[in-house]
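# Fold and geometry: a report
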Amino acid sequence: MDIKEQIEKLVGSITKDNGLKDKFLKDPVATVKELVGDKVPADAIDNIVTGVKAKLTGDQLKGAVDGLGKLFGK
């Protein structure tokens, strides 16, 4: 099981679907379990949730920084 691969797939799915993103933000563990099913061992779910949260937060920060750069003409 490649946890990084699972994280990338989930981030891609979650960022494309606002309803799924809201669901993940409300209950990340249940959402990940629903999306990956029985493919992931229970002890890996927390690591995947943490990874997805980090990627989503990082993407949001990158977007904010890019927006500030445009504001200041960079």
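Keep in mind that what you see is a predicted model, and the values were worked out from it rather than measured.

What follows concerns the pattern of salt bridges. Throughout the structure, instances matching the rule amount to three salt bridges. Residue Glu 8 pairs with Lys 55 through a salt bridge whose shortest N-O separation is 3.1 Å. Taken together, the residues span a long stretch of sequence, with Glu 8 in helix H1 (residues 3-16) and Lys 55 in helix H4 (residues 42-71) at a distance of 47 residues. Judged by relative accessible area, Glu 8 falls into the partly exposed class, the value being 45%. Glu 34 serves as the salt-bridge partner of Lys 23, at 2.6 Å between the closest nitrogen and oxygen. Separated by eleven residues along the polypeptide, Lys 23 in helix H2 (residues 18-26) and Glu 34 in helix H3 (residues 28-36) bring together distant segments of the chain.

A few words on the nonpolar core. Ranked by internal contacts, the top residues of the largest apolar core, which has 15 residues, are Leu 10, Ile 14, Phe 24, Val 32, Ile 48 and Val 52. A total of six residues in this core trace back to one element, the largest contributor, which is H4.

Our next topic: the packing of H2 against H3. Put simply, H2 and H3 touch, their axes get as near as 5 Å, and they point 125° apart. By the angle class used here, H2 and H3 are oblique. Contacts between H2 and H3 pair Leu 20, Lys 23, Phe 24, Leu 25 and Lys 26 from the former with Pro 28, Thr 31, Val 32, Glu 34 and Leu 35 from the latter. The residue makeup of the contact of H2 with H3, split by class, is six nonpolar, one polar and three charged.

Another point: H1. With 14 residues, H1 extends 20 Å from end C-alpha to end C-alpha; this agrees with the ideal 20 Å at 1.5 Å per step. Considered for burial, the residues of H1 that qualify are Gln 6, Ile 7, Leu 10, Val 11 and Ile 14. An end-on view of H1 places all buried positions within 130° of arc, on one side of the element. Counted as exposed and oriented over 90 degrees from the buried face of H1: Lys 4 and Lys 16.

Let's shift gears to the confidence of the model for the chain. Averaged over the chain, the pLDDT score is 82; the fraction of residues at 70 or greater is 77%. Within the chain, H4 has the poorest average pLDDT of any element, 74, and H2 the best, 93.

Parameters at a glance
Residues numbered from 1 in each chain as written. Predicted model: local features only at pLDDT ≥ 70, side-chain atom pairs only at ≥ 80, totals over all residues. Heavy atoms only, no water. Salt bridge = Lys/Arg side-chain N within 4 Å of Asp/Glu carboxyl O. Helix = DSSP H or I, 4+ residues; strand = E, 2+ residues; numbered from the N terminus. Buried < 20%, exposed > 50% of the residue type's maximum accessible area, 1.4 Å probe, protein only. Core = buried A, V, L, I, M, F, W, Y, C linked by side-chain atoms within 4.5 Å. Axes fitted to C-alpha atoms, helices over the stretch in contact; angles between N-to-C directions. Parallel < 35°, antiparallel > 145°, perpendicular 65-115°, else oblique. Contact = heavy atoms within 4.5 Å. Nonpolar A, V, L, I, M, F, W, Y, C, P; charged D, E, K, R; others polar. Expected span 1.5 Å × (residues − 1). Arc of directions from axis to C-beta. pLDDT = per-residue confidence, 0-100.

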